Amino acid sequence: MIHALTSRAGLAATTGLVTAGLVVLIVLPQDIAIGPTVEDPIGVSKPSNLKRDEPVELELAEAAEPLVEPVAPATATRQAARLKMAPAAGAGMESMALSDAPMILAPTPLAEASSEEFANEEAAGVTAVADQPVSTFSVDVDTASWSVLRSSLMYGQLPPADALRIEEMVNYFPYAYPAPEPGGAPFAPTVSLSPTPWNPQTQILQIALQGEMPAVQDRPPLNLVFLIDTSGSMQDANKLPLLKQSLRLMLGELRPEDEVAMVAYAGSAGLVLEPTPAGETRKILAALDRLEAGGSTAGQEGLEQAYAIAADMAGEGELSRILLATDGDFNVGIYDPDALEDFIAAKRDTGAFLSVLGFGRGNLDDATMQALAQAGNGQAAFIDTIAEAQKVLVDQLTGQLFSIAQDVKVQVEFNPAVVAEYRLIGYETRALRREDFANDKVDAGEIGAGHQVTALYEVTPVGSPAVLNEPLRYQPGTAPEASDELGFLRLRYKVPGDSEGHLIETAIPAAVSQASVETRFATAIAGFGQLLRGSVYTGEWSYADAIALADSARGDDTYGYRAEAVRLMRLAESLAQ
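Chemist: What is the right way to look at the pattern of salt bridges in this model?
Modeler: Between side chains of opposite charge, pairing is possible as soon as their charged atoms come close. Considering all chains together, one arrives at 23 salt bridges under this definition. The salt bridge involving R361 is made with E116; its shortest N-O contact spans 2.7 Å. Taken together, the residues R361 in the loop between β11 (352-359) and α7 (366-375) and E116 in the loop between β2 (103-105) and β3 (127-128) connect sequence positions 245 residues apart. Each of the two residues, R361 as well as E116, counts as buried. Salt-bridge contacts for R255 lead to E257; the nearest nitrogen and oxygen are separated by 2.9 Å. What makes E257 partly exposed here is its relative accessible area of 43%. Overlapping salt bridges bring together R150, D384, E388 and E564 as one network.

Chemist: Would you mind showing me how to read the layout of surface pockets here?
Modeler: Which parts of space are left empty comes out when a probe the size of a water molecule is rolled across the atoms. Of the volumes computed, that of the largest pocket is approximately 920 Å³. Surrounding the largest pocket, 39 residues form its lining, P174, Y175, Q396, G450 and Q452 being those nearest its centre. At the level of secondary structure, the elements contributing two or more residues to the lining of the largest pocket comprise β6 (199-211), β12 (380-383), α8 (386-395), α9 (397-401) and α12 (561-575). Residues of the lining of the largest pocket, tallied by class, amount to 16 nonpolar, 15 polar and eight charged.

Chemist: Honestly, the packing of aromatic side chains in this entry has me stumped. Any pointers?
Modeler: When we look at a pair of aromatic rings, we describe it by the centre distance and by the angle of the planes. Enumeration over the complete set of coordinates arrives at 17 aromatic pairs. Each member of the aromatic cluster is reached from another via a ring pair, and the members are W146, Y172, F173, F521, F528, Y543, Y559 and Y561. Geometry around Y172 places K391 over its ring, the cationic atom sitting 3.9 Å from the centre.

Chemist: Would you mind going over the environment of V129 with me for this structure?
Modeler: Looking at where V129 falls in the secondary structure, it is placed in the loop between β3 and β4 (134-138). Owing to a relative accessible area of 3%, V129 belongs among the buried residues under this scheme. Considered as a pair, V129 and N415 are 286 residues apart in the sequence and their alpha carbons are 7.7 Å apart. V129 has contacts with F414, N415, P416, V419, A420, E421 and Y422, leaving out every residue within four places of it along the chain.

Chemist: What am I meant to see in the side chain of S194 here?
Modeler: Considering the arrangement of structural elements, one finds S194 in strand β5 (residues 187-196). Judged by relative accessible area, which is 2%, S194 ranks as buried. Apart from residues lying up to four places away in sequence, S194 is in contact with Q203, I204, V512, S513, Q514, A515 and T519.

Chemist: Would you take a moment to explain the packing of helix α3 (residues 240-251) against helix α4 (residues 281-289) for this structure?
Modeler: Direction vectors running N to C along α3 and α4 enclose 170 degrees, while the axes themselves pass 11 Å from each other. On the basis of the axis angle, α3 is roughly antiparallel to α4. Between α3 and α4, the contacting residues are K244, L247, R248 and L251 on the first element and I284, L285, L288 and D289 on the second. Taken together, the residues of the contact of α3 with α4 break down into five nonpolar, no polar and three charged.

Scoring rules and cut-offs
Residues numbered from 1 in each chain as written. Predicted model: local features only at pLDDT ≥ 70, side-chain atom pairs only at ≥ 80, totals over all residues. Heavy atoms only, no water. Salt bridge = Lys/Arg side-chain N within 4 Å of Asp/Glu carboxyl O. Helix = DSSP H or I, 4+ residues; strand = E, 2+ residues; numbered from the N terminus. Buried < 20%, exposed > 50% of the residue type's maximum accessible area, 1.4 Å probe, protein only. 1 Å grid on protein atoms, 1.4 Å probe; cavity = no way out; pocket = protein on both sides within 12 Å on 5 of 7 lines; lining within 4 Å. Points joined across faces, edges and corners; volume = space filled by probe spheres on them. Nonpolar A, V, L, I, M, F, W, Y, C, P; charged D, E, K, R; others polar. Phe/Tyr/Trp six-rings, centres within 6.5 Å; stacked < 30°, edge-to-face > 60°. Lys NZ or Arg CZ within 6 Å of the ring centre and 35° of its normal. Contact = heavy atoms within 4.5 Å. Axes fitted to C-alpha atoms, helices over the stretch in contact; angles between N-to-C directions. Parallel < 35°, antiparallel > 145°, perpendicular 65-115°, else oblique.

None of the figures reported here should be taken as evidence of function without further support.
Next comes the structure, spelled out in structure tokens:
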């Protein structure tokens, strides 16, 4: 039964290291010691404004085996999502979550060459309200970017800029937003306006959505198909072994009347486990344990078989979900990526949704995983530690599998009497045309049970010295009348199973207030992401400023996610020197 929505097991792993000869240890902030790294392990391009060419390097003599064993295995654009035919490459590390206690991390080397590909676009610039008063985008509740960031930092290097989708970094963290009223819309919007930390002449407009949490015990039976990549590139410890551990955690959240099937693909697809009641745990775990990595990837064949099995399992009133677990290396059998996306998009109309879990680094094809998850009305997450598996597949599983609102779109009309310019921070791959908002045939993101969505605009008031756009020569002669509204917010969504959209509208007050704890933390993470991406809009604002802001806004950090964020931000500051 999916019940542990607000609990998180304390999962930790420790690694011992015995060395012969000279050991050099660099002491970093937060009592974290990083073990030996490899030269440019991920092999990514590095922006010139950050010193990414100098990873932390430690000279070590040959190391013995660890004394303590690791935990035993228990819309991206179509162009960005082109699938490569290159051979699989990459080896992993024993990923470990940060805890409050000091620890020593000894990552195993990644491949010297990397074939990683990330789905992203150039950061949005400043838009003049006089030219374009309306901003439209699709919601995004994916969180993969933060996990990729953490993985890179734990290897001792800054993450590739293209890997950072700032909205996913912000939405990784839980926030205390007001819940919707019972019997009303499936989610509730909240707006606020506060000063911008990096520019006192502008303001931060925060738009927050909080999804309802229906009674989980009343949900219909779930038909779940695990689609597991067992190609040769999945043999590393942070890939197939971690995947097995992760799915073990998830099984404990299913109800006896749910059904599970398992398809593996490596060279050719195959049924590993026929549809089996979730209560038959021993049989399911035995099938999981038999999986071994080997061969090349035939992802398209596996997807087709998984959808066919999901169709056979489907019953009236039941839910069908496919969970694809892979390192993203689809290098055999896919000859037409567009046709594959169209195939997945057609299948979502049957009610079978596809979510994607990424594992491991070195050949992570994030662009493909994002494209498939978006086409399949699912979500994309990156699992780099067993603790992250706990967060995604236990604490947040209900939101992952059960949609409360589909094709959710956001549109903001800015008042030209109050706002001169605006800039949406993040959501570059989720941008929509203005006319797409009212078109219910245009696909957009989903909100799951209990999900939260945060969007941040930096807005420049009329008359502010921070205005960047020069006035046009030919403009309407009548100045807009003063108003106490900064703008107007419209939200459009569909109830699952319906084809007609519903509308939520509310005015955005122009009054500036003190930033709440939730706004301060979200803004700190957004600022941190901009620093990592080399934004030109943060001015003299620094890593130290972002760290101080985040540290002051930890709030009720029950599971330590915000404390971990501060530690990672400090590590990034050191690596950026």
